Amino acid sequence: MELKYQFKTPNEGIDVSKYQGSIDWPQVKAAGYTFALVRLGWANGDGTIVLDPYFDRNLRGAAAAGLEVGIYLYSYLDSEDHARLAAAKVLELAAEYTLTMPVVLDYEHGSKYAAYGRPRNTAICNAFLRTIAAGGYLPMYYSYKSFCDNYVNLHDLEQYEGLWIANYTGKIGVDNAAIWQYSSSGRVPGIPGRCDLNRMYCDIPRIVRESYTPGTGLAFAPLTDKLLEVYGGDKCEYFSAPSIEATVPDGKGGTARLPDGTYPALALADRLVDGYGMVQIEYEGAAVYVALLDDRCRVVDKPGCGHAAELAALRAELAKAQAERDAAWARIEGVRAALGG
């Protein structure tokens with residue numbers, strides 16, 4: 001696909017995380033940098049998110065200094081369902097800010113994803129990216145060139161308005177790159193130590209303004225082998241429709257609440273509902289809806305699910321390695337016997 005609104009001269013920008021420490025954002029702006037992509041944190045395999053301790057100050061500081069701002073999430077995600085859960089949490093967190101750049105999935109952890117294979121890696125990324133797009137934000141995929149060459153199917157990857165690619169060899173090397181991270185050792189006024197440097201080749205903020213509106217549309221993506229775990233003691237409300245206004249009376253003049261325990265999770269909303277992630281569950285033979293709040297409920301794997309296939313594959317690899325070891329020892333013993341004879 002052809003990039004829209006291409007610049008004659010690329011805009012310079014940076015990406016930052018806690019590793020850059022305290023940043024003087026007005027100095028960064030004065031040095032000519034026009035955009036910043038700020039690390040939100042990282043997603044664990046199960047879709048839970050750990051926030052970067054500098055996320056809020058970096059995002060607000062960059063925006064206040066006049067830079068265009070977006071966010072990125074580093075991935076350890078291990079399934080499509082967990083990718084959707086992580087994306088739903090990202091949508092919830094992003095709702096507090098005005099983003100003029102993409103919401104990016106940083107999917108590059110080679111030691112983890114080499115074993116997954118191209119189709120699985122591509123499916124995990126697409127599940128995340130589609131959920132972000134459905135929430136009204138511009139999604140984008142980030143990785144480095146050699147990872148793209150070996151571990152994802154770029155032609156099957158949802159690319160929306162282009163890719164963000166890291167390559168430090170002096171050239172991008174991948175088609176459809178909207179942003180090129182060309183150095184990891186830049187020196188930027190206002191930032192102590194090294195910083196990643198980027199070039200943006202098209203007017204992404206214009207694309208965001210014209211084509212992406214957070215909070216529009218609503219659909220539910222099916223979940224498999226998932227439960228809603230309710231805890232915290234009589235705080236978790238449920239609803240008859242995916243709207244917090246559509247409450248179910250408890251027969252005593254109050255709002256119906258779920259007892260602590262676990263319930264089959266059927267589907268996950270692809271955007272926020274009244275500011276919250278929303279999950280559809282089965283309760284007393286009916287499909288009802290629950291807002292996801294950290295102090296009362298969360299989506300978890302069913303017992304025995306989650307990493308079962310991955311563990312089975314690892315056990316098979318271990319058995320193969322043990323058999324190869326035993327065969328090698330047998331050959332060694334055979335050589336010893338021959339030499340001794």
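Note that this is a predicted model, so its numbers are computed, not measured.

Trainee: Give a description of the overall build of the protein that names residues and reports values.
Mentor: Each helix and strand in the protein was counted, giving 8 helices and 15 strands. Each principal axis of the C-alpha atoms in the protein carries an extent, and together these give about 95 × 60 × 40 Å. A buried classification covers 48% of the 341 residues belonging to the protein. The contacts in the protein between residues at least 6 apart in sequence include a share of 67% that link residues at least 24 apart. Carbon and sulfur atoms make up 51% of the accessible area of the protein, which amounts to about 15900 Å² in all. For the protein, the separation between the mean place of its 33 positive charges and that of its 42 negative charges on side chains is 5 Å.

Trainee: Account for the nonpolar core, with residues named and values stated.
Mentor: In this structure, Ile14, Trp25, Phe128 and Tyr141 are the most contacted members of the largest nonpolar core, which totals 60 residues. Here this core gets 7 residues from one element, more than from any other, and that element is helix H3 (residues 80–94). Aside from chain neighbours lying at most four places away, what touches Phe128 is Leu73, Leu77, Ala83, Ala86, Ala87, Val90 and Leu105. Counting residues in each nonpolar core, the second largest holds 21 residues, with Ala88, Val230, Tyr238 and Val299 among its members.

Trainee: Can you break down unusual backbone geometry residue by residue, with the values?
Mentor: Negative phi is the rule for most residues except glycine; trans is the rule for most peptide bonds. With a phi angle near 45°, Tyr160 is a residue other than glycine that sits in the positive phi range. Assignment of secondary structure puts Tyr160 in the loop between helix H6 (145–151) and strand S7 (163–166). One non-glycine residue, Asp225, lies in the positive phi region at around 55°. One can find Asp225 in the loop between strand S10 (220–222) and strand S11 (226–230). On the basis of relative accessibility, which here comes to 41%, the residue Asp225 falls in the partly exposed class.

Trainee: So what about the side chain of Asn58? Which residues, and what values?
Mentor: Relative to the helices and strands, Asn58 is located in helix H2 (residues 55–64). With near-sequence residues (within four places) excluded, Asn58 lies in contact with Val16, Ser17, Ile23, Trp25 and Val38.

Trainee: Describe H2, and please don't skip the residues or the numbers.
Mentor: Every buried residue of H2 is listed here: Phe55, Asn58, Leu59, Gly61 and Ala62. In the core, the buried residues of H2 are packed alongside strand S1 (6–16), helix H1 (25–30), strand S2 (35–43) and strand S4 (68–75). One or two residues past the end of H2 sits Gly66, with phi positive at roughly 100°.

Trainee: Go over the side chain of Asn198 with me, naming the residues and quoting the values.
Mentor: As for its placement among the helices and strands, Asn198 is situated in strand S9 (residues 195–202). Reaching out from Asn198, the side chain makes a polar contact with the side chain of Trp164 at a distance of 2.8 Å. In contact with Asn198, not counting residues within four places along its chain, are Asn11, Glu12, Gly13, Ile14, Asp15, Phe35, Trp164, Ile179, Trp180, Gln181 and Tyr182.

Trainee: Lay out the environment of Arg194 in plain terms, naming residues and giving numbers.
Mentor: Tracing the backbone shows Arg194 in the loop between strand S8 (177–186) and S9. In this structure, the C-alpha to C-alpha distance between Arg194 and Val16, residues 178 residues apart in sequence, is 10.0 Å. Once residues lying within four places of it in the same chain are set aside, the contact partners of Arg194 are Gln20, Ser184, Ser185, Gly186 and Arg187.

Trainee: Explain the packing of aromatic side chains to me, using residue names and the numbers behind them.
Mentor: Taken as a whole and assessed by the stated rule, the structure comprises 12 aromatic pairs. Centre to centre, the rings of Tyr144 and Phe147 are 5.7 Å apart; their planes meet at 65°, and the pair counts as edge-to-face. Between Phe147 and Tyr151, the aromatic rings sit 5.1 Å apart at their centres with planes inclined by 70°, giving edge-to-face as the arrangement. With Phe147 and Tyr151 both in helix H6 and 4 residues apart, the pair spans about one turn of that helix. With relative accessibility at 0%, the residue Phe147 sits in the buried group. Judged by its relative accessible area of 25%, Tyr151 falls in the partly exposed class. Cluster of aromatic residues (ring-pair linked, three or more members): Tyr107, Tyr113, Tyr116, Tyr144, Phe147 and Tyr151. We note Arg120 situated over the ring of Tyr116; from NZ or CZ to the ring centre the distance is 3.6 Å.

Trainee: Break down H3 for me, with residues and values.
Mentor: Here H3 is 15 residues long and its end C-alpha atoms lie 21 Å apart, about the 21 Å a rise of 1.5 Å per residue gives. By the criterion of burial, H3 is predominantly enclosed, with 12 of the 15 residues buried. Listed in full, the buried residues belonging to H3 are Asp81, His82, Ala83, Arg84, Leu85, Ala86, Ala87, Ala88, Val90, Leu91, Leu93 and Ala94.

Trainee: Describe the pairing of strand S13 (residues 277–283), listing the residues and the values that go with them.
Mentor: Judged by how many residues are buried, S13 sits mostly within the fold: 6 of 7 residues are covered. Note that strand S12 (residues 261–269) and S13 share 3 bridges and pair antiparallel. Note on S13: the bridge partner recorded for Ala267 is Gln280. Sheet topology note: the S13/strand S14 (residues 286–292) ladder contains 7 bridges and is antiparallel.

Trainee: Pulling in residues and values, what's your account of the packing of H3 against helix H5 (residues 118–134)?
Mentor: Relative to each other, H3 and H5 sit at 30°, their axes nearing to 8 Å. On the basis of their axis angle, the class for H3 and H5 is roughly parallel. You can see that H3 and H5 cross each other, and the crossing is right-handed. Facing Glu80, Ala83, Arg84, Ala86, Ala87, Ala88, Val90 and Leu91 of H3, the residues of H5 in contact are Ala123, Ile124, Ala127, Phe128, Thr131 and Ile132. Looking at the contact of H3 with H5, its residues break down into 11 nonpolar, 1 polar and 2 charged.

Conventions adopted
- Residues numbered from 1 in each chain as written.
- Predicted model: local features only at pLDDT ≥ 70, side-chain atom pairs only at ≥ 80, totals over all residues.
- Heavy atoms only, no water.
- Helix = DSSP H or I, 4+ residues; strand = E, 2+ residues; numbered from the N terminus.
- Buried < 20%, exposed > 50% of the residue type's maximum accessible area, 1.4 Å probe, protein only.
- Contact = heavy atoms within 4.5 Å.
- Areas by Shrake-Rupley, 256 points an atom, 1.4 Å probe, with all protein chains shown as cover.
- Lys, Arg positive; Asp, Glu negative; His and termini not counted.
- Charge placed at Lys NZ, Arg CZ, Asp CG, Glu CD.
- Core = buried A, V, L, I, M, F, W, Y, C linked by side-chain atoms within 4.5 Å.
- Polar contact = N/O pair within 3.5 Å; in protein donor to acceptor, adjacent residues only side chain to side chain.
- Phe/Tyr/Trp six-rings, centres within 6.5 Å; stacked < 30°, edge-to-face > 60°.
- Lys NZ or Arg CZ within 6 Å of the ring centre and 35° of its normal.
- Expected span 1.5 Å × (residues − 1).
- Pairing = 2+ DSSP bridges.
- Axes fitted to C-alpha atoms, helices over the stretch in contact; angles between N-to-C directions.
- Parallel < 35°, antiparallel > 145°, perpendicular 65-115°, else oblique.
- Left-handed = near helix turned anticlockwise from the far one by under 90°.
- Nonpolar A, V, L, I, M, F, W, Y, C, P; charged D, E, K, R; others polar.

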